[in-house]
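Examining the three-dimensional arrangement
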Amino acid sequence: MTGLALEAINVSKRFGDLQALDRVSLKLKKGGIHALLGENGAGKSTLVKCIVGFYTPDEGEVLLGEHQQLISNPRDAHDLGIGMVYQHFTLVPNMTVLENLVLARPRLPSIIDWNKERMAIAERMKGMPFQLPLDAPVNHLAAGEKQKLEIIKQLLLDVKVLILDEPTSVLTPDEADEVLGQIKDMARRTGLAVLMITHKFREVVLYADDVTVLRRGRYVGSERVGDVSVEKMSEMMVGREFSGTALAREPAADQGVKLAIDALTIEDDSGLPAVSNLSLTVKGGEIVGIAGVSGNGQRELVEALAGQRPTTGGEIRVMGERYRGERQELLRHRFHCLPEEPLRNASVSRMSVAENLGFRCFDRPPHSIGGFLRRRAINAYAQRLIAEFKVSPANTAIPIGNLSGGNVQRAILARELWDQPNVLVVANPCFGLDFTAVAEIHARLMAARNAGAAVLLISEDLDEIIELADRIDVISDGRLVYETTPQAADPIVIGHHMAGHAGEPHAH
Amino acid sequence: MPIALAPFLIPLSALLLSSVLFGAFVWMAGATPSDVYQSIYRGAFGTWYSWQNTLTRAAPLMLTALCTALPARLGLVVIGGEGAVVIGGLVAALAGIALLDAHPMVALVGMALASIIAGGALIGLVGWLRQARNVNETISSLLFNYICIAILNFLVVGPLRDPETLNKPSTHHIGETHMLGYLGDSSIHMGFAFGLIACLILWILYKHTTFGFAVDMVGGNARAARLSGLPVRKIMLLVTFMGGAAAGLAGMIEVAAVHGRANASLNAGYGYEGILIAFAARHHPLAIVPMAILFGGIRAASDLLQRNHDLPDATSLVLQGIIFVLVLASEAIYARMAAKSGYKS
Ligand SMILES: Nc1ncnc2c1ncn2[C@@H]1O[C@H](COP(=O)(O)OP(=O)(O)OP(=O)(O)O)[C@@H](O)[C@H]1O
Ligand SMILES: [Mg+2]
């Protein structure tokens, strides 16, 4: 089953004085996966939003199928069978899988016959690439299952074109393999056309048939995946050969313990223990990595450190003092924290980039004097951060929510890495970043460590932890179950502990 | 439409459209729209006399609008202005009676403070219930309105009643010499200046101070505010307190400048109208001023409408309602336009 499923012709889109897309074309074939690559801010999300009619292109058009039907608004896209899975979940958390699936349908009868729906959906589920428990409430699903549900939600609407915006950034490599493998299978079987945005070459090589590369809003080229090497793709993305800078791990002078977590106990939203009796110390000039499968208490741990969640036992000490996350303490100890999903956890999307970058400094001179803001000073400060961290576009006046996903991440990283942190807590800092940005962020984390910061790195990416950490802890079911060093680290052993298969958790 | 002008043009067209719809309404009610508009104009803005009338009515409206507009920055929909006016006025009258023998200045300051604390505590309680007990602030503030009105009625009819007030049970008088004065030789009382100054100060507070910045952070994303170590609960309490304090002060003004006593006239709908004004002004403290004057004008003209055109006395409410609905609808249109073109408001 081949043939053209969808074609975008010379699509252009401008935001203010930023040309986000400049005459970009793309041909999507039936029965395969088409990868869309590009640096952060290259225009990938903007292109797919034009395809699904969320944005109206300034120029160019999007045509569907052999009959060349024009898509000009979201309803068209929907009626013509285009489905999109956004990068962030759009599920209703306290409803069940079944309810979410039924509610996703555009035209619902006024009275829903749940028994009938359940049977119909159970029947159709059999043809789906993944199975899910229909009666499980969504907030009990792990990230991987939620992503599967998002995809099934679209497939049940009989889409012919499925668009996925960074579908694997919240998944572990195993989960990603499962999801993408199944989707590829389904595409082959049913002629579904899939357009997938990703930053991971591995996924492109393993699952995609074609790849299109964008660079700063321009179309660079489309290739058969078999015909291009990873080096070639990365060169297409950044316009030059990329030479990763090796990380210099300097032997740091012993700076004493800067962050100490003592018998910490934290509950999750439903009042069940998420973290139990967890103790750990991080010295200055050291990176401690916490590895684990998502949903084992990492989120609650980071939230507690960030002051977003109360603890029910134990304590946190920073620079030897009890720490409660109050502003005075945070500034005095130079405690910095970068949680995952910065748009949800660390920024105010309707405030400007400058204001968001000023969160740590707005109440201190010279950024305010006597309680009065000096917006100029805040702006100048933000300009410096943006230049230093190459946030694009370099415009501090736009709302931060308008930045591309990767650039939001960069901007918030800039805020938290600036000003020589003493203690730095980072969770999945490279989600959604392109490969050049990943290398850069890793170098900066290492630099912060070399400068004497105590870094606690919580990541679901084991490679990242092995690359950066001085010590590795494995978290499983809210406890630290295993400790090792990167030199002695054996991914297989670590994987066993992550999965909780290593017998009784032993004291630590 | 140039995007920079949209925030002004859209509410303006909403106002124009409202007048068209209202015209249709009065026409159906048997009056001539153009005459009705003329009457509204004359009653509200036509003469110096009507201006004074309008501004006098706008005074409490500015303050009650703040009661909704301030917490709105935190994403809270507070509709307890009426209750805060009532309780503020009642407490102010009590303070005034207690301070009968004091210097007028002392008495006025005492009354103002009492009303600010009472109104602030009332709406502050709404904020507290929200963050400590997760009680919906809209519902609780609505219920508090009824409770406050009932308390007022009970007290002025019962224990606090001045036996000389026969057909309108009221508290004792606060003393003629202790009444709030007028601006120059107009008949506009000082309350208007209070309202104006309050709007100005709060605008400066929200726009130019670190406190306003912190409020924006909490309102935009409380998680991010916590990450930055802000005392989210304290800020919520403070903002709801300030909103209630403004409406409480409106109650004091009604007592000290108009009635001289607390009675059922405090419950004249200023609080409810403030909700409409706050929304119509998009919760912007400075935009509240012209909106309050507009609504004050409609109030001032309402007598004339009844007398000259034989229209029912709810007619001005209909006009207010139409304006409210259309301004809200224009808001939605604006948001959608903004999303389409890639800008956010
Ligand atoms: N609504 C908007 N208003 C203004 N600028 C925008 C808007 N949406 C996107 N942009 C800008 O357009 C450019 C392209 O953004 P886009 O989100 O398409 O990038 P992307 O390729 O998806 O990047 P990422 O990998 O970081 O998600 C960015 O510079 C972004 O700041
Ligand atoms: Mg994107």
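Residues numbered from 1 in each chain as written. Chains lettered and ligands numbered in written order. Predicted model: local features only at pLDDT ≥ 70, side-chain atom pairs only at ≥ 80, totals over all residues. Heavy atoms only, no water.

Looking now at the overall build of chain B. Scanning chain B from terminus to terminus reveals 13 helices and zero strands. For chain B, the sequential pattern of α-helices and β-strands runs α-α-α-α-α-α-α-α-α-α-α-α-α. Its C-alpha atoms give chain B a radius of gyration of 21 Å, near enough to 20 Å, the size a compact globule of 345 residues would have. With the C-alpha coordinates aligned to their principal axes, the bounding extent of chain B is approximately 65 × 60 × 35 Å. A buried classification covers 54% of the 345 residues belonging to chain B. (Helix = DSSP H or I, 4+ residues; strand = E, 2+ residues; numbered from the N terminus. Rg over C-alpha atoms; globule rule 2.2 N^0.38 Å. Buried < 20%, exposed > 50% of the residue type's maximum accessible area, 1.4 Å probe, protein only.)

Residues and elements named next belong to chain B. Side chains of Met-105, Val-106, Val-109, Leu-113, Ile-117 and Phe-241 sit close together on the surface and give an oily, nonpolar patch of about 540 Å² of accessible area. Broken down by element, the residue count for the nonpolar patch peaks at five residues, all from helix α5 (residues 104-133). Within the secondary structure layout, Phe-241 lies in helix α10 (residues 232-259). (Patch = residues over 30% accessible without salt bridge, like charges linked within 9 Å, V, L, I, M, F, W, Y side chains within 5 Å. Areas by Shrake-Rupley, 256 points an atom, 1.4 Å probe, with all protein chains shown as cover. Salt bridge = Lys/Arg side-chain N within 4 Å of Asp/Glu carboxyl O.)

This paragraph deals with the pattern of salt bridges. Residues and elements named next belong to chain A. Under the counting rule described, the total for this entry stands at 40 salt bridges over all chains. Asp-135 is paired through a salt bridge with Arg-118; the nearest N and O atoms lie 3.1 Å apart. Of this pair, Asp-135 sits in the loop between α4 (114-125) and α5 (143-155) while Arg-118 sits in helix α4, and the two are 17 residues apart along the sequence. Residue class for Arg-118 comes out partly exposed when judged on its relative accessible area of 30%. Between Arg-360 and Glu-416 there is a salt bridge; the shortest N-O distance is 3.5 Å.

Another aspect to go through is the state of the cysteines. For the structure on display, the rule yields zero disulfides over all chains. Cys-337 of chain A provides the cysteine sulfur closest to Cys-361 of chain A, a residue in no disulfide bond, and the two sulfurs are 18 Å apart. With a relative accessible area of 2%, Cys-361 of chain A lands in the buried category. For the unlinked cysteine Cys-67 of chain B, the closest cysteine sulfur is that of Cys-148 of chain B, found at 11 Å. Overall, the relative accessible area of 0% leaves Cys-67 of chain B in the buried class. (Disulfide = S-S within 2.5 Å.)

What follows concerns the interface of chain B and chain A. Contacts between the two partners involve 26 residues from chain B, matched on the other side by 39 residues from chain A. In total, about 2700 Å² of surface goes out of reach between chain B and chain A, with carbon and sulfur atoms giving 55% of it. Our count for the chain B to chain A interface comes out at one salt bridge. For the salt bridge of Arg-223 of chain B with Glu-303 of chain A, the shortest nitrogen-to-oxygen distance reads 2.5 Å. At the boundary of chain B and chain A, one finds ten residue pairs in polar contact (both at pLDDT 80 or more). Elements with a minimum of two residues in the side of chain B that touches chain A: α7 (191-208), α8 (210-220), α9 (222-227) and α13 (315-341) of chain B. Sort the elements by how many residues they give to the side of chain B that touches chain A and α8 of chain B lands first, with seven residues. Split into classes, the residues belonging to the side of chain B that touches chain A amount to nine nonpolar, ten polar and seven charged. (Contact = heavy atoms within 4.5 Å. Buried area = accessible area lost by both parts, 1.4 Å probe. Polar contact = N/O pair within 3.5 Å; in protein donor to acceptor, adjacent residues only side chain to side chain. Nonpolar A, V, L, I, M, F, W, Y, C, P; charged D, E, K, R; others polar.)

Further remarks concern helix α9 (residues 298-305) of chain A. For α9 of chain A, the tally of buried residues reaches seven of eight residues, placing the bulk of the element in the interior. Among the residues making up α9 of chain A, those that are buried are Gln-298, Glu-300, Leu-301, Val-302, Glu-303, Ala-304 and Leu-305 of chain A.

All names here are of chain A. Between helix α14 (residues 405-417) and helix α15 (residues 435-450), whose axes approach to 12 Å, the crossing angle comes to 10°. With respect to their mutual orientation, α14 and α15 come out roughly parallel. On α15, the residues touching Arg-410, Leu-413 and Leu-417 of α14 are Ala-437, Glu-440, Ile-441, Arg-444 and Leu-445. For the contact of α14 with α15, the class distribution of residues is five nonpolar, no polar and three charged. (Axes fitted to C-alpha atoms, helices over the stretch in contact; angles between N-to-C directions. Parallel < 35°, antiparallel > 145°, perpendicular 65-115°, else oblique.)

Attention shifts here to the sheet that holds strand β14 (residues 313-318) of chain A. Residue and element names in this part refer to chain A. In space, the four strands of this open sheet follow the order β12-β11-β14-β15, with antiparallel pairing throughout. At either margin of the open sheet sits one strand with a lone partner, and together these are β12 (273-283) and β15 (321-322). In this sheet, β14 lies alongside strand β11 (residues 257-267) in antiparallel orientation, the contact comprising five bridges. Within β14, the position partnered with Ile-261 by the bridge is Ile-316. Strand contacts of α9: β11, β12 and β14, with the helix running at about 120° to β11, the strand carrying the most contacts. (Pairing = 2+ DSSP bridges.)

Another point: the packing of aromatic side chains. Under the defined criterion, the tally for this structure stands at ten aromatic pairs over all chains. With a centroid separation of 6.0 Å and an interplanar angle of 85°, the aromatic rings of Phe-279 of chain B and Phe-324 of chain B are classed as edge-to-face. Here Phe-279 of chain B is found in helix α11 (residues 270-280), whereas its partner Phe-324 of chain B is found in helix α13, with 45 residues between them in sequence. Using a relative accessible area of 22% as the deciding quantity, one classes Phe-279 of chain B as partly exposed. Taken together through their ring pairs, the aromatic side chains of Phe-15, Phe-54 and Tyr-55 of chain A make up a single cluster. (Phe/Tyr/Trp six-rings, centres within 6.5 Å; stacked < 30°, edge-to-face > 60°.)

A few words now on the confidence of the model for chain B. Residue and element names in this part refer to chain B. On average, residues of chain B score 90 in pLDDT, and 96% of them reach the 70 mark or higher. Looking across chain B, the model is least confident in α13, with a mean pLDDT of 80, and most confident in helix α4 (residues 81-98), with 97. The ipTM, which scores confidence in the relative placement of chains, is 0.86 for this predicted complex, and the corresponding pTM is 0.85. (pLDDT = per-residue confidence, 0-100.)

Counting residues in hydrophobic clusters, the biggest one holds 105 residues, and the most contacted among them are Leu-66, Met-111, Met-252 and Ile-288 of chain B. Residue contributions to this core peak at 14 residues, all from α10 of chain B. Counting 76 residues, the second-largest nonpolar core is a separate cluster that includes Val-275, Leu-280, Ala-448 and Ile-494 of chain A. (Core = buried A, V, L, I, M, F, W, Y, C linked by side-chain atoms within 4.5 Å.)

Another point: the pairing of strand β13 (residues 286-291) of chain A. Residues and elements named next belong to chain A. For β13, the tally of buried residues reaches six of six residues, placing the bulk of the element in the interior. In β13, alternate side chains face the same way, and those of Glu-286, Val-288 and Ile-290 on one face and Ile-287, Gly-289 and Ala-291 on the other are all buried. Pairing analysis gives six bridges linking β13 to strand β20 (residues 454-459), with the strands arranged parallel. Within β20, the residue paired with Gly-289 across the bridge is Leu-457.

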